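One-letter residues, chain by chain:
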Amino acid sequence: IDSAGDAGKPRTRGLTATLQRLQQSVEDQRHYEALQQYKALFFRSAARKKPEAVQILQEGANILLLHDQNEAGLELGLLLVNHFRTTDPEASVPAKQSIASVSSAFKSNSAARAKQIKFLTEAVEWSKGQEKGKCGDPALHQRLAEAYDVKPP
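Residues numbered from 1 in each chain as written. Predicted model: local features only at pLDDT ≥ 70, side-chain atom pairs only at ≥ 80, totals over all residues. Heavy atoms only, no water.

(A) Focus on the environment of threonine 87. Looking at where threonine 87 falls in the secondary structure, it is placed in helix α4 (residues 70-87). Each C-alpha atom of the pair threonine 87 and alanine 46 lies 9.7 Å from the other, and the pair is 41 residues apart in sequence. (Helix = DSSP H or I, 4+ residues; strand = E, 2+ residues; numbered from the N terminus.)

Below you can see the structure in the form of structure tokens.
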């Protein structure tokens, strides 16, 4: 996965090597193992308040979705949204870009679309922030509407 668009967040050599091994696990069809390792790596990074926690979930969700692992990709995507609920309740631009990246990784078949809708529904709720009566981010609403509107091939 190309991480050039990851808001310039630095990567340690160890993290790069670990993410490459996890990508290889997915490519070798060891999906459950990779999912559990992505989650463990995320929880360790989040507990230490390291900025790469977001990158881990985003890259993990994207690679799993690329390999048609919709449930696993959704699981990491929902962890990402929940992480943002506590670390970025105001829905910053980089956070919304991470959400958009994961949303774009869902394929347009009906099984993936249902998972994408669930993911985006949670993302819209998060983007409402702490204020009552706030509607959420318009771009996320647009993505959600487009997910509902996709016609099967």
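(B) Broad picture of the side chain of serine 45. Mapped onto the fold, serine 45 is located in helix α2 (residues 31-47). In this structure serine 45 comes out as buried when scored by relative accessible area, which is 6%. Other than its neighbours up to four places away in sequence, serine 45 contacts Lys50, Glu52, Ala53 and Ile56. (Buried < 20%, exposed > 50% of the residue type's maximum accessible area, 1.4 Å probe, protein only. Contact = heavy atoms within 4.5 Å.)

(C) How the structure looks around the nonpolar core. Ranked by size, the top nonpolar core spans 41 residues in total, and within it Tyr38, Leu64, Leu76, Ile99, Phe119 and Trp126 carry the most contacts. Setting aside its immediate chain neighbours within four residues, phenylalanine 119 contacts Leu74, Gly77, Leu78, Val81, Ile99, Val102, Ser103 and Phe106. (Core = buried A, V, L, I, M, F, W, Y, C linked by side-chain atoms within 4.5 Å.)

(D) Layout of the packing of aromatic side chains. Using the criterion set out here, one finds 3 aromatic pairs in the structure. For the pair phenylalanine 84 and tryptophan 126, a centre-to-centre distance of 5.3 Å together with 25° between the ring planes defines the contact as stacked. With a gap of 42 residues between them, phenylalanine 84 in helix α4 and tryptophan 126 in helix α6 (residues 110-127) connect regions that are remote in the sequence. Given the relative accessible area of 3%, tryptophan 126 is considered buried. With centroids separated by 6.0 Å and ring planes inclined at 35°, the aromatic side chains of phenylalanine 106 and phenylalanine 119 adopt a geometry described as tilted. With a gap of 13 residues between them, phenylalanine 106 in the loop between α5 (93-105) and α6 and phenylalanine 119 in helix α6 connect regions that are remote in the sequence. On the accessibility criterion, phenylalanine 106 (7% relative accessible area) is buried. (Phe/Tyr/Trp six-rings, centres within 6.5 Å; stacked < 30°, edge-to-face > 60°.)

(E) Up close: α4. Spanning 18 residues, α4 covers 25 Å between terminal C-alpha atoms, matching the ideal 26 Å at 1.5 Å per step. Listed in full, the buried residues belonging to α4 are Asn70, Ala72, Gly73, Leu74, Leu76, Gly77, Leu78, Leu79, Leu80, Val81, His83 and Phe84. As for α4, its buried residues are in contact with α2, α3 (52-66), α5 and α6. (Expected span 1.5 Å × (residues − 1).)

By themselves, these figures tell us nothing about what the structure is for.
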